[in-house]
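Results of the structural survey
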Amino acid sequence: MTENKEIIVIQGVEIHLSHKVGSTQEWIGQQEPLDQLMACWLTLSPKDKPLSPRIIGVPGMGKTSLAMAAARRRNQDLYIFQCTSDTRPEDLLVTPVLGQKGSIMYHASALLTAMIRGGIVVLDEGNRMPEKSWAALASLLDDRRMIESIVAGINVTAHPEFRFVVTMNDDSSTYEIPDYIMSRLQPAIELPFPGQDEEMRILRYNLPESPEELLNICVGYLQEAHDLGLPISLRDGLHIIRYAQRLNTISQSSWKEKFLQATSQILGPEALDLQKLVEKRKLEDQEYGGDPEMGDFFFGDEPPEDSGPLGKG
Ligand SMILES: Nc1ncnc2c1ncn2[C@@H]1O[C@H](COP(=O)(O)OP(=O)(O)OP(=O)(O)O)[C@@H](O)[C@H]1O
Ligand SMILES: [Mg+2]
């Protein structure tokens, strides 16, 4: 291999590399999943291979942030590949692009660049990607640690420092991943809901300028939602606080009122009464036997009620 900044020559083929992601993401609290991820990436002997875990959990609870924070802690370059239902096998590896003089240039994906550079790749929202794309990664995710790009006509073996993690959402807009791939994405690292103190510290870290009263109202709300098993996330909480602070520039009402308005506009009026939301969820579960999405609860046709968990105190 000969190297020239962002272009590298592999088996006679010029490959343009992707750019790494700059990340300042700190991980607050929730030490266990971070320790588990760091442990997966260790090698215990010269012949040992790192594990390629999957981080699973409710959308918006910190899966991508956890992976980014772990990469930062290992002091390695980070590459993120966003998976979608349109991701084709070659998108994961090499994309041919027509150059100015009609020549073909080969662009390495974030994943392939991480393999070449010895970085960390986060395959984000991996279960949005169809099975045939996963198939292209089978040889990378076992002891061979290599891939073959048919388009560029190259084989690449991963740098020894290359590390892999995939994040997966617990929602229904996803594909079933075949067993032979699941058996390579081990172990599962679950991201639980944070406790009250942790959640407060996470919100404060992300929004250090927010008033304590607003943070407290929001943490109380999120904790109640977590206890009830509702998928209302930290990201939702962060959006609500940001919007409530903006409402504060246009009205004189209390923080609680601003919080309620922001929650209603962000999650829908039904999110103001969490107990009722749970009941509705149970009913729909009985009716359809499925796992309806949050949208079905938040944007249903029932009128909002004024009293809710927040109306009480
Ligand atoms: N432990 C934590 N420390 C610091 N910030 C956190 C933590 N957990 C979550 N966050 C913050 O919560 C927000 C949502 O996190 P993130 O985007 O990582 O969630 P996600 O699970 O990847 O969501 P999605 O499934 O939608 O991709 C981010 O702004 C992130 O900074
Ligand atoms: Mg994410």
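Residues numbered from 1 in each chain as written. Chains lettered and ligands numbered in written order. Predicted model: local features only at pLDDT ≥ 70, side-chain atom pairs only at ≥ 80, totals over all residues.

For the rest of this paragraph, the subject is the confidence of the model for the chain. Overall, the predicted model of the chain reaches an average pLDDT of 89, with 89% of residues at or above 70. In the model, residues 292-313 has pLDDT below 50 throughout and makes 35 contacts with residues more than four positions away in sequence or in other chains. (pLDDT = per-residue confidence, 0-100. Contact = placed C-beta atoms within 7 Å.)

The next point concerns the environment of I217. Relative to the elements of secondary structure, I217 occurs in helix 7 (residues 212-227). Assessed through the 23 C-beta atoms surrounding it within 10 Å, I217 is described here as buried. Residues I217 and L260 lie 43 residues apart in sequence; the distance between their C-alpha atoms is 9.7 Å. Here I217 is in contact with W255, K256 and F259, once residues within four sequence places are set aside. (Helix = DSSP H or I, 4+ residues; strand = E, 2+ residues; numbered from the N terminus. Buried ≥ 20, exposed ≤ 12 C-beta atoms within 10 Å, placed from the backbone.)

The environment of ligand 1 is formed by 21 residues, the closest being I28, G62, K63, T64 and S65. When residues of the shell around ligand 1 are traced back to their parent elements, those giving at least two are helix 2 (63-73), strand 11 (163-169), helix 6 (196-206) and helix 8 (234-247). For the shell around ligand 1, the per-class residue count stands at eight nonpolar, ten polar and three charged. When residues of the shell around ligand 1 are assigned to domains, at least three fall in each of domain 1 (2-190) and domain 2 (196-298). (Near = placed C-beta within 6 Å. Nonpolar A, V, L, I, M, F, W, Y, C, P; charged D, E, K, R; others polar. Domains from an automatic or database assignment.)

Turning to the nonpolar core, a few remarks are in order. Most often, soluble globular proteins keep nonpolar side chains buried together rather than apart. Y79, F81, L111, V121, V122, C218 and F259 are the most contacted members of the largest nonpolar core, which totals 78 residues. Split by domain, this core shows at least three residues from each of two domains, domain 1 (2-190) and domain 2 (196-298). In this view, V122 contacts T64, A67, M68, L78, I80, V165 and T167; residues no more than four positions away in its chain are not counted. (Core = buried A, V, L, I, M, F, W, Y, C linked by C-beta atoms within 7 Å.)

The element strand 5 (residues 78-82) is extensively covered by neighbouring structure, given that four of its five residues are classed as buried. Examined bridge by bridge, strand 5 and strand 8 (residues 120-124) share five bridges and lie parallel to one another. Bridge assignment links I80 to a residue of strand 8, and that residue is V122. (Pairing = 2+ DSSP bridges.)

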